[in-house]
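A structural walkthrough
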Amino acid sequence: MQSSLGTSRHTVQAQSPRAAALRQPGRRRGLAVLAIAAPARDGVPSAQPQSQRQQSGDSLTPAAVAAAASRGRIVLESAEELKSTWEHRAWTAGACALLAATLGLGLSGVDSVESTAGAGVAVLAAYFMADVGTAFYHWGVDNYGDASTPVFGGQIAAFQGHHQRPWTITEREFCNNMHKLFRPASFFAAGLAGMAAAGAPAWWDVWSSSFLFLCCMSQQFHAWSHMKKSELPAAIVALQDAGLLISRKDHGAHHKAPFNCKYSIVSGWCNPLLDGDCPENSVWMRLEKWIHEKYGVEPRGWYEPSEQWKEQERTGAAA
Ligand SMILES: [Zn+2]
Ligand SMILES: [Zn+2]
């Protein structure tokens, strides 16, 4: 499965947490939660050091990609694969059109002060809930599973690749970056459009279309948070500065120690609520403790990034 965040002209080997634990002694963080007894391990799932990576380059055929994915390898794309195709554009435009139609039908029912206020509340609620929802999703794929995890393996590999090479997301063309979210979302968007046409309440049409659109757009908001102000349109910088979009500073903190806070990638509004006194007293830590106590599974966030998945040095303009 392809990654949508990280990229390079190579594949890297994903390993199971237990395999990595057996292979290397861990460098566990000195967090309060670490009073929980568990075997030490290094950051997982991990990737081979750069010198050990399997070079793929132009010889990487679709069959080779499929075979690598089936073996649990994280397949990272070549520079050519950062470009948008007509298929990417079709999925992105199709989903956006369906969501716009649903929103339009919802707003067409706004004809009074009360319904105007209701639509405003629906949009605000969608904005906040998308921030919370994408933060939880980001936390999940950053901390659990690996490239071979069913359904989410590609996203997990992508987020790991992103932590290794965070600049790559900024090099993707818009529809290349967005289609992997808008493509699955288009089926839900079609359902929402159908409900709207069948006479669903206006508040539902406004809320659901806004929520789904913002969840998908979090991928682009995330990309913008990795770009310099000089590279962004003035309107985007203004929205970031106003706190309406996740800022470079806020998201930059997620890529620094202790690495297990600041998961929001829409506006950042939910970060203070979910992080608390990060990392010891965050919502994330409480959830991680509960999961560990109940299922014995440790999150990657309890460990310092190993050489195998920590951020690499950027050596060239393009990946
Ligand atoms: Zn992350
Ligand atoms: Zn990032």
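Residues numbered from 1 in each chain as written. Chains lettered and ligands numbered in written order. Predicted model: local features only at pLDDT ≥ 70, side-chain atom pairs only at ≥ 80, totals over all residues.

Notes on the overall build of the protein
Counted only if it meets this: Here a strand is any run of E in DSSP of at least two residues, a helix any run of H or I of at least four, and the numbering for each starts at the N terminus. Residues are treated as contacting if the C-beta atoms built from their backbones sit within 7 Å of each other.
The helix and strand tally for the protein stands at eleven helices and four strands. Within the protein, residue pairs in contact and separated by at least 24 positions form 77% of the contacts whose partners lie at least 6 positions apart.

A short note on the packing of helix 6 (residues 174-197) against helix 7 (residues 202-225)
Just so we agree on the cut-off: Geometry is summarised by axes, namely lines fitted to C-alpha atoms with helices restricted to the contacting stretch, and by angles between N-to-C directions that run from 0 to 180 degrees. Oblique is the label for any angle not covered by the other classes, which are roughly parallel (under 35 degrees), roughly antiparallel (over 145) and roughly perpendicular (65 to 115). Under the grouping applied here, Gly and all other residues not named as nonpolar or charged are polar, the nonpolar ones being Ala, Val, Leu, Ile, Met, Phe, Trp, Tyr, Cys and Pro and the charged ones Asp, Glu, Lys and Arg.
Interaxial distance between helix 6 and helix 7 falls to 10 Å at its minimum, and their mutual angle equals 175 degrees. Taken together, the axes of helix 6 and helix 7 are roughly antiparallel relative to one another. Across the interface between the two elements, F174, N177, M178, L181, F182, A185, F188, A189, L192 and A196 from helix 6 touch D205, S208, S209, L212, C216, Q219, Q220 and A223 from helix 7. Residues belonging to the contact of helix 6 with helix 7 are distributed by class as follows: twelve nonpolar, five polar and one charged.

Here we look at the nonpolar core
For clarity, the cut-off: By definition, a nonpolar core groups buried Ala, Val, Leu, Ile, Met, Phe, Trp, Tyr and Cys residues that are joined through C-beta atoms within 7 Å. Between the buried cut of 20 or more and the exposed cut of 12 or fewer other C-beta atoms within 10 Å of a residue's own C-beta lies the partly exposed class, and all C-beta atoms are placed from the backbone.
Within the largest apolar cluster, 33 residues are counted, with the highest numbers of intra-cluster contacts made by A189, L212 and C216. Mapped by element, the contributors of at least two residues to this core are helix 3 (86-108), helix 4 (113-143), helix 6 and helix 7. Per element, the largest residue contribution to this core is eleven residues, and it comes from helix 7. Each residue touching C216, except ones within four places of it in the same chain, is listed here: M178, L181, F182 and A185. With seven residues, the next largest nonpolar core counts W139, Y263, C270 and W284 among its residues.

Section: helix 4
The test is simple: A helix is expected to span 1.5 Å multiplied by its residue count minus one.
With 31 residues, helix 4 extends 45 Å between its outermost C-alpha atoms, agreeing within 8% with the 45 Å of an ideal straight helix rising 1.5 Å per residue. Those residues of helix 4 that fall on the buried side of the exposure criterion are A119, A122, A126, A130, D131, T134, A135, H138, W139, V141, D142 and N143. Of the surrounding elements, those touching the buried residues of helix 4 are helix 3, helix 5 (153-164), helix 7, helix 10 (271-275) and helix 11 (283-295). A positive phi of about 80 degrees marks G145, the residue just after helix 4.

Regarding the environment of N271
Mapped onto the elements, N271 comes out in helix 10. Here N271 falls in the buried class, since 22 other C-beta atoms lie within 10 Å of it. Along the chain, N271 and D131 lie 140 residues apart, while their C-alpha atoms are 8.8 Å from each other. Other than its neighbours up to four places away in sequence, N271 contacts D250, K262 and S264.

A few points about unusual backbone geometry
Residues C278 and P279 are joined by a peptide bond in cis, for which omega reads 0 degrees. For V151, which is not a glycine, the phi torsion comes out positive at approximately 65 degrees. You will see that K262, though not glycine, has its phi angle at about 55 degrees, which is positive.

Remarks on the confidence of the model for the protein
Low-confidence regions, as indicated by low pLDDT, have predicted coordinates that should not be scrutinised in detail. Operational definition: pLDDT gives the predictor's per-residue confidence on a scale running from 0 to 100.
Across the protein, the average pLDDT comes to 78, with 72% of residues at 70 or higher. Confidence over residues 30-61 falls short of pLDDT 50; this stretch has 80 contacts with residues more than four positions distant or in other chains. Long-range and interchain partners of residues 64-75, a stretch whose pLDDT sits below 50, account for 27 contacts in this model, where long-range means more than four residues apart.

Overview of helix 6
The criterion, for reference: Bend angle per residue: angle between axes fitted to the 7 residues ending at that residue and the 7 residues starting there.
Over its 24 residues, helix 6 extends only 30 Å from the first C-alpha to the last, a length that falls short of the 34 Å expected when each residue adds 1.5 Å. Maximal helix bending in helix 6 amounts to about 40 degrees, located at K180; proline P184 follows within four positions. For helix 6, every residue scored as buried is listed here: N177, M178, H179, K180, L181, F182, A185, S186, A189, L192, A193 and A196. Downstream of helix 6 by a residue or two, G199 has a phi angle that is positive, lying close to 100 degrees.

Some thoughts on the packing of helix 4 against helix 7
Test applied: For a crossing to be left-handed, the near helix must be turned anticlockwise from the far one by less than a right angle; the clockwise case is right-handed.
One can describe the packing of helix 4 onto helix 7 by two numbers: an axis separation of 8 Å at closest approach and a directional angle of 30 degrees. By the angle class used here, helix 4 and helix 7 are roughly parallel. Crossing geometry of helix 4 relative to helix 7 is assigned as right-handed. Listed contacts from helix 7 to S115, G118, A119, A122, V123, A125, A126, Y127, M129, A130, G133 and T134 of helix 4 are A202, W203, V206, W207, S210, F211, L214, C215 and S218. The residue makeup of the contact of helix 4 with helix 7, split by class, is 15 nonpolar, six polar and no charged.

Regarding the environment of C175
With respect to the helices and strands, C175 occurs in helix 6. Beyond its immediate sequence surroundings of up to four residues, C175 is in contact with S84, H88, R89 and T92.

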